[in-house]
Amino acid sequence: MKKIILSLVTIGISMQSIAQKVTWVSTTKTDHWAVSNLKTVAGESNAVDVEILPAGTKQTINGFGGCFNELGYTSLQLLSIKDRQAIMKELFAPGVGASFTICRMPVGANDFSLNWYSYDETEGDFKLKDFSIAHDMHTLVPFIKDAQKINPALKLWASPWSPPQWMKKNKHYAAAMIPTKEMIKKYEERGIKLTGMDFSNAENGLKPDQVGKEGADMFIQDNQYFKTYAQYFGKFVDAYKQQGIKIGMVMPQNEFNSAQVFPSCTWTAHGLAKFVSYLGPQMEQRGANVFFGTVERANEKLTDTLLTSPESAKYIKGVGFQWAGKGAIAGIHQRYPNLALYQSEQECGDGQNDWKYCRYTWDLMKHYFNSGANAYMYWNIALKEGGISHWGWRQNSLVSVDTTGRTYKFNYEYYLLKHLSHYVKPGAKLLTASGTFNNLLAFKNPDNSVVIVIQNDGEANKMVNIKLGNKTISPLLKADSFNTFLLAGK
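Residues numbered from 1 in each chain as written. Predicted model: local features only at pLDDT ≥ 70, side-chain atom pairs only at ≥ 80, totals over all residues. Heavy atoms only, no water.

1. Regarding the environment of V276
So, step 1. Within the secondary structure layout, V276 lies in helix α7 (residues 269-284).
So, step 2. Classification of V276 by relative accessible area gives buried; the value is 0%.
So, step 3. Spatially, the C-alpha atom of V276 lies 35 Å from that of L441, the residues being 165 residues apart in sequence.
So, step 4. The residues contacting V276, other than those within four sequence positions of it, are P252, P281, V290, L306, S312, Y315 and I316. (Helix = DSSP H or I, 4+ residues; strand = E, 2+ residues; numbered from the N terminus. Buried < 20%, exposed > 50% of the residue type's maximum accessible area, 1.4 Å probe, protein only. Contact = heavy atoms within 4.5 Å.)

2. Notes on unusual backbone geometry
So, step 1. A cis amide bond links G293 with the next residue in sequence, T294, at an omega value of 10°.
So, step 2. Within the secondary structure, T294 is located in strand β9 (residues 289-295).
So, step 3. Even without glycine at this site, L128 takes up a positive phi of about 55°.
So, step 4. By the element assignment, L128 lies in the loop between β6 (102-106) and α4 (140-150).
So, step 5. Phi at D480 takes a positive value of approximately 50°, unusual for a residue other than glycine.
So, step 6. By the secondary structure assignment, D480 is in the loop between β22 (476-477) and β23 (481-487).

3. Quick word on empty space enclosed by the protein
A water-sized probe rolled over the atoms picks out the places where empty space is left.
So, step 1. Under the defined criterion, the tally for this structure stands at two cavities of 30 Å³ or more.
So, step 2. Along the walls of the largest cavity sit D111, W161, N254, E255, Q260, F262, W323, E345, C348, W379, W393 and Q395, which together make up its complete lining.
So, step 3. Grouping the amino acids of the lining of the largest cavity by side-chain chemistry returns six nonpolar, three polar and three charged.
So, step 4. Each pocket or cavity is described by its volume, and for the second largest cavity that value is around 30 Å³.
So, step 5. Forming the boundary of the second largest cavity are T40, I452, I466, L468, K471, T472, I473 and L487. (1 Å grid on protein atoms, 1.4 Å probe; cavity = no way out; pocket = protein on both sides within 12 Å on 5 of 7 lines; lining within 4 Å. Points joined across faces, edges and corners; volume = space filled by probe spheres on them. Nonpolar A, V, L, I, M, F, W, Y, C, P; charged D, E, K, R; others polar.)

4. Considerations on the side chain of D125
So, step 1. With respect to the helices and strands, the residue D125 is situated in the loop between β6 and α4.
So, step 2. There is no salt bridge for the buried D125, and the closest opposite charge comes from K129, which lies 6.5 Å off by N-O distance.
So, step 3. Side-chain polar atoms of D125 contact the backbone nitrogen of K129, separated by 3.0 Å.
So, step 4. Apart from residues lying up to four places away in sequence, D125 is in contact with D120, D130, F131, W166 and T228. (Lys, Arg positive; Asp, Glu negative; His and termini not counted. Salt bridge = Lys/Arg side-chain N within 4 Å of Asp/Glu carboxyl O. Polar contact = N/O pair within 3.5 Å; in protein donor to acceptor, adjacent residues only side chain to side chain.)

5. Re the pattern of salt bridges
So, step 1. Per the counting criterion, the structure on display carries 14 salt bridges.
So, step 2. For R335, the salt bridge goes to D304, with nearest N and O atoms at 2.4 Å. Of this pair, R335 sits in helix α9 (residues 326-335) while D304 sits in helix α8 (residues 300-308), placing them 31 residues apart in sequence.
So, step 3. Judged by relative accessible area, R335 falls into the partly exposed class, the value being 40%.
So, step 4. Owing to a relative accessible area of 16%, D304 belongs among the buried residues under this scheme.
So, step 5. Between D480 and R359 there is a salt bridge whose closest N-O contact spans 2.5 Å. Pair noted here: D480 is in the loop between β22 and β23 and R359 is in helix α10 (residues 355-370), with a separation of 121 residues, a long-range link.

6. A word on helix α11 (residues 412-421)
So, step 1. The element α11 is extensively covered by neighbouring structure, given that 10 of its 10 residues are classed as buried.
So, step 2. When we look at burial in α11, the residues that qualify are Y412, E413, Y414, Y415, L416, L417, K418, H419, L420 and S421.

7. Some details on the sheet that holds strand β13 (residues 382-384)
So, step 1. Spatially, the three strands line up as an open sheet ordered β13-β14-β15, and their pairing is mixed. The open sheet has two edge strands, β13 and β15 (407-410), and neither has a second partner. For this sheet the average axis-to-axis angle between neighbouring strands, irrespective of direction, equals 25°.
So, step 2. Strand direction decides the pairing type here: β13 and strand β14 (residues 399-402), joined by three bridges, are parallel. Within β14, the residue paired with K384 across the bridge is V401.
So, step 3. The sheet strands contacting helix α3 (residues 81-92) are β14 and β15, and the helix crosses β15 at an angle near 10°. (Pairing = 2+ DSSP bridges. Axes fitted to C-alpha atoms, helices over the stretch in contact; angles between N-to-C directions.)

Coordinates in, geometry out; function isn't part of it.
Spelled out as structure tokens, the structure:
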């Protein structure tokens, strides 16, 4: 009898080594975050669609996050304290929901601020005597502190949309005029649709002789201004430190090629290289890194300028890419394989938060990670339904707030982002995959667990045979679905 019991126990152990429990999460348009389990099968599969190579590690993943914008904070304030706490827990609590670990914030106003402001609007204040973050104490500071209460290890980086107006040649925060009805009509006649734009209630007061243009430095190219603006960044980092908020990294300018109706400032790459030579020492004194960006053009030479310039190269620790900048990230990664690369802003959508855009977002995520990105940042954390800004742009958000019913909902793109961010931990490595099925991303966490995220973009259910080492899983993926599989590490 003892021999029989021993034999059964031995068999049981053997079976456990053969079959491994796998966590499976699936999201469709109508069914979000459905959790189930399946088991691996040992041995070779007759028809492997894709093989994940555990030894084929690529870049390290630093984390996922969003941006702390003023309109995000004010939209959440319409909700009850209980609802706000639930949302923040879902976004930031480690191991609970999205598990955000790294987020962005503006230096002064951005396009989703309540209005224009900077930290010092006193003309000629080169000693920055009037510098103050008092404006932020009502919105951004409490927003960030609410997140820090839930995740004290949350990392933060920042970038300006515009310097103080008196530091710019046009003496204005914007760089483009609000389009008139006649201008919009001409755009449409040329087949250009201003998707998501509603300028009916927007205004910025810019005059024709104040308009900026790509390839020109709107910032005053003078050493005194460079020095003062670098100190402006330093005072910003210091002021937030006094609030218990550490800024670990800055980028010198959001979308420096784009003249926009909201806070913006065009620069040349050479102008930014000069400024970084002043900015770098200020940040080094404070233990903050400098990244180049944000880069919104598919022109690798713009990045090369700062990475090869003796004025700036030694200070640049990474680069941020967004929008059309996605066309430059792969080439930069190939030439600078050890340089940190961030997807710095999720493309914004048009405020409809529909399933079609969620599918597009998945394509973006695949592109960025397969091109070398170390981190992925969504844009608006929360907005009122419709997501319109002070300057007339409707955009998507992770959370939408119904202002009438004072209720909220997580949008499709939130669940997609969570499919990665909940399971892919800081320090994970992107894995190589091979086979006939390539609509996936795979990662290996520091604890050796493997995360596989797959889309079935077809209209019918589809079985996919996935090989990992000497084991195979064969899930039947629902039509038009996103799926995450977590295989525990040894």
